[in-house]
Structures are given as structure tokens and as C-alpha cells.
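# A closer look at the structure
Residue-level listing of the chains:
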Amino acid sequence: MRIAVAKEIEVCERRVALNPDTVARLVKQGLEVWVETGAGERSFFSDSAYEAAGAKIISDSATLWQQADILLKVSPPQERENGGSEVELLKEGAVLVSFLNPLGNPVVAQQLANRQITALSMEMIPRTTRAQSMDALSSQASLAGYKAVLIAAAALPKYFPMLTTAAGTIAPAKVFIMGAGVAGLQAIATARRLGAVVEAFDIRPAVKEEVQSLGAKFVEVKLEEETVAAGGYAKEISEASKQRTQEVVAEHVKNADVVITTAQVPGRQAPRLVTEEMVAQMKPGSVIVDLAAEQGGNCACTEPGKDIVWNGVTIIGPINLPSSMPVHASQLYSKNVTSLIQLLIKDKALQVDFADDIVDAACITHAGEIRNQRVRDALQ
Ligand code: NAD
């Protein structure tokens, strides 16, 4: 059975689906691994490192796609420069493992179903204890949370830590993190390590203890409705609850030097947490980093992919932050995808077992069908 690693063609994508270490482990298992020429280049993994790990380097992209039994990628399949889509290159019945953004872009799921591809979406891995080693949303969100703080610290015209010097005392920066999921918790930890005073807010009350255990203060808003959906994700809240949370968080946004927003509701536009009025109240020189920029933004002033200055406040809307740390992002993603494909391989042969709850949840297309109801709904 042949596993192939494609070179990413999405311009912002520097990650690669397998690093040489994981290739070596798969080869040791008796599997054949093909890697496209230059696939690891932007992650600083050379073709020769893959070759030394036992991979075969393939220079012709079409050959690699057409002859793969399992094709591994990071970004969803793209349109190719010379026409046609990457999906069309896959042989019928092949397995594709990648981020596929099936709720945001369900058309790709339809194309994959039309080509009889068994597509496993890394976004659909359940957030369960057994699936933890495959949880690419978490591994990549953690990188984003870390990097968001570094970006904010670099843009802030102040120190982060408190300093007592002969030239006087410097007060620590005040950082407010909105959304305390995986990215938010890593952002709290990183800001604390840099010496900031940190506050955090989330509509899921269960995160209070985690926030406090990282040395941050939890900003609590008591809401009269259930805020947690199946799987522990946040729900979209009512207009009245949105109003209530905005009233409470406005004061914390106003006092912050740095606001980092990470709030998401799966399959929906990101919730709007920071209004124009709130930004107008912030001190000039303050910084907002909006990690939900690609999903519509948590801040009303965010422009995805841009750094703007609005009323003296710098608002940064980064895109694909994990890709800016491609060495570790690829290393962690490699572990996630290899753990997943172990579930698909029995005695060196491909066996897709829908009795396995992880395979069942992650597999969005098989035998010409879109298997996931939410993806089918998103297509309507
Ligand atoms: P996410 O990226 O979907 O959202 C980020 C955060 O935004 C979440 O904490 C969410 O509660 C918050 N949020 C949403 N709407 C908001 C609003 N209006 N105001 C403020 N905050 C808002 O979340 P995630 O980091 O992917 O985590 C989702 C869930 O999965 C969490 O319960 C997390 O603990 C859980 N999880 C479990 C495991 C595991 O058990 N293996 C692993 C990772 C995550």
C-alpha cells in the first residue's frame, strides 16, 4: 500500500503533512511512502532527508496523486495553476486525509464524493480522549495561540513584564484573552510567561478553573441559557446574552493593552465580541490580535490578512498562523495524521472500518456519498 505526501500549492501554506521522522516510522512498518519533490522545502525538510528516511521522491505531481492509495495533505485540495482541481488527480476509491473545511466549503466534499474518494477530514476528528493523538485542531490551535501573543508583544509599544530598573519601574502589560479554548489557553500561558497580567473570558463556565490554574483572572458573565453544545463546543448565544456579555467585557477591553480574540462556534461565522465602540474606547497604542479573522472576525474592525491602525489601535487579523511555524506545526500534524492512518491499515492493507467511532466521525465522503449530515446541510 502506497502513502503519498503532496506538495502544498496553497500560497500561504508552508506546512507539510509528514516530516521525515514520521516517514521513517511508516517505512519501518513496511509501508511504501512517496513524497513529492520539494514537499517539505517550506518546512525546512529536504528531499534528501525524506529519502534517507526511506521515502521515494516523485517529481511529477500528477503521478504522485494518481498512484496514491492514501494521499496526505494539510490544506484542502485546491484548483491547480494549469487548470483543473487537485481532486480530479486522485484515483477513484483512494483515501484522502487532510484539513478539508467541510462546513465552510462543502463544495469540495461534493467533488470528493463525485470522485468516489474516501475523505477523512482532520476537522471532524472527535475531541475524545482516544482521539487526542489525532486532534490536529488542537495541535495547530495551540501554535496559533502562542504566536498570537508574540505578534502582539512585537506590535505593542511597551514591555510585557513588570521591570524595576534604576531608571524607574515599568508596569506589566494588561492582556485580555477572549475565548479560552485550546488557542486561548496557550495564549494565556504564553502571555503569563512573558510577564503580563492576564484576564480571560469565555461563555463556557467550565474553563474558569483552567484559566485560573494558568495564573489568569477569569472574567465571569452569568448567562440565563445553556452555552455548551455536544462535544463540549460553545453554542451560538441569543441576542440578549450577546448584549449582556458585551456590557461586561467592554470595561476589560477598554483597560487592556492587548486583546487577543480566539472565539469560534464550529460551522458558523465567528461571534462578534469587540465592537467599534469598544475599540474607540481603547488607549492609543493598544493592540488587538484577532485569531478568528478568517471566520469573519471577533472584532468589528478586523481585516483578514491585514494589520490596520484604527483610532490609534493596531488591529491584526492573521491568516493561518500555524503555517508561520512550519517545523513544529508539521511535526505535530505528522503525528496527528499518522495516528489516524493507523486506524485505516490492517496487516499493511487498507481497511476503512466505520464501526470505529473516530473513522466514522472523520470520514465525510465514501463510495460516492457525503456521509456527514452537517456537511449535507451546509451544501443546501
Ligand atoms: P473553538 O476553537 O471552537 O472556540 C474557541 C473558544 O471560543 C471556545 O473555548 C469557546 O467556548 C469560545 N467561544 C465561543 N463563542 C464565544 C463567545 N460568544 N464569547 C466568548 N467565547 C466564546 O474551541 P476549541 O479550542 O476547539 O475547543 C472546543 C472544545 O473542545 C472545548 O470544550 C475543549 O475543551 C474541547 N477539547 C477537548 C479535547 C479532548 O478532550 N481531547 C481536546 C481539545 C479540545
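Coordinates for the structure precede this section.
We now turn to the structure provided with this report. (Residues numbered from 1 in each chain as written. Predicted model: local features only at pLDDT ≥ 70, side-chain atom pairs only at ≥ 80, totals over all residues. Heavy atoms only, no water.)

### What about the overall build of the protein chain?
Basically, it comes down to this: A helix here means a DSSP run of H or I that spans at least four residues, while a strand means a run of E at least two residues long, and both kinds are numbered starting from the N terminus. To sort residues, take the accessible area from a 1.4 Å probe on protein chains only and compare it with the maximum for the residue type: under 20% means buried, over 50% means exposed, and anything in between is partly exposed. Residue contacts are counted whenever heavy atoms from the two residues lie within 4.5 Å of one another. Where accessible areas are quoted, they stem from the Shrake-Rupley method and a 1.4 Å probe; at the residue level, only the protein chains shown are allowed to cover. We treat Lys and Arg as the positive residues and Asp and Glu as the negative residues; His and chain ends play no part in the count. To locate a charge, take atom NZ for lysine, CZ for arginine, CG for aspartate or CD for glutamate.
What the protein chain contains, in helices and strands, is twelve helices and 19 strands. Taken along its principal axes, the extent of the C-alpha atoms in the protein chain is 65 × 50 × 40 Å. Within the protein chain, buried positions represent 50% of all 380 residues. Across the protein chain, every contact between residues at least 6 apart in sequence was considered, and the portion connecting residues at least 24 apart equals 67%. Carbon and sulfur atoms form 50% of the exposed surface of the protein chain, whose accessible area is close to 16,900 Å². Of the charged side chains in the protein chain, 37 are positive and 44 negative, and the gap between their average positions amounts to 4 Å.

### A short note on the sheet that holds strand β13 (residues 287–290)
In plain terms, the rule: At least two bridges found by DSSP between two strands are what make those strands a pair. An axis is simply a line fitted to the C-alpha atoms; with a helix, the fit covers only the stretch in contact. Between two such axes, the angle follows the N-to-C directions and lies from 0 to 180 degrees.
A sheet is described by the order of its strands in space; here seven strands give the open sequence β11-β10-β9-β12-β13-β15-β14, paired in mixed fashion. The sheet is open, and its two edges are formed by β11 (217–219) and β14 (307–310), each paired on a single side. Adjacent strand axes in the sheet meet at a mean angle of 20°, parallel and antiparallel pairs treated alike. Where strand β12 (residues 258–261) lies against β13, four bridges are found, and the strand directions are parallel. Note that in β13 the partner of Val 258 across the bridge is Val 287. Across the sheet, helix α8 (residues 239–255) lies against β9 (174–178), β10 (197–201), β11 and β12, angled at about 150° from β9, the strand it touches most.

### Brief notes about the packing of aromatic side chains
The condition is simple: Classification of ring pairs uses Phe, Tyr and Trp, with its six-membered ring standing for Trp, and accepts pairs whose centres are within 6.5 Å; under 30 degrees between planes counts as stacked, over 60 as edge-to-face, and the remaining range as tilted.
With the rule as written, the count across this model stands at two aromatic pairs. With a centroid separation of 6.5 Å and an interplanar angle of 80°, the aromatic rings of Phe 45 and Tyr 50 are classed as edge-to-face. Just as Phe 45 is buried, Tyr 50 falls in that class too. Plain terms: the ring middles of Phe 99 and Tyr 333 are 5.4 Å apart, the flat faces sit at 35° to each other, and that makes the pair tilted.

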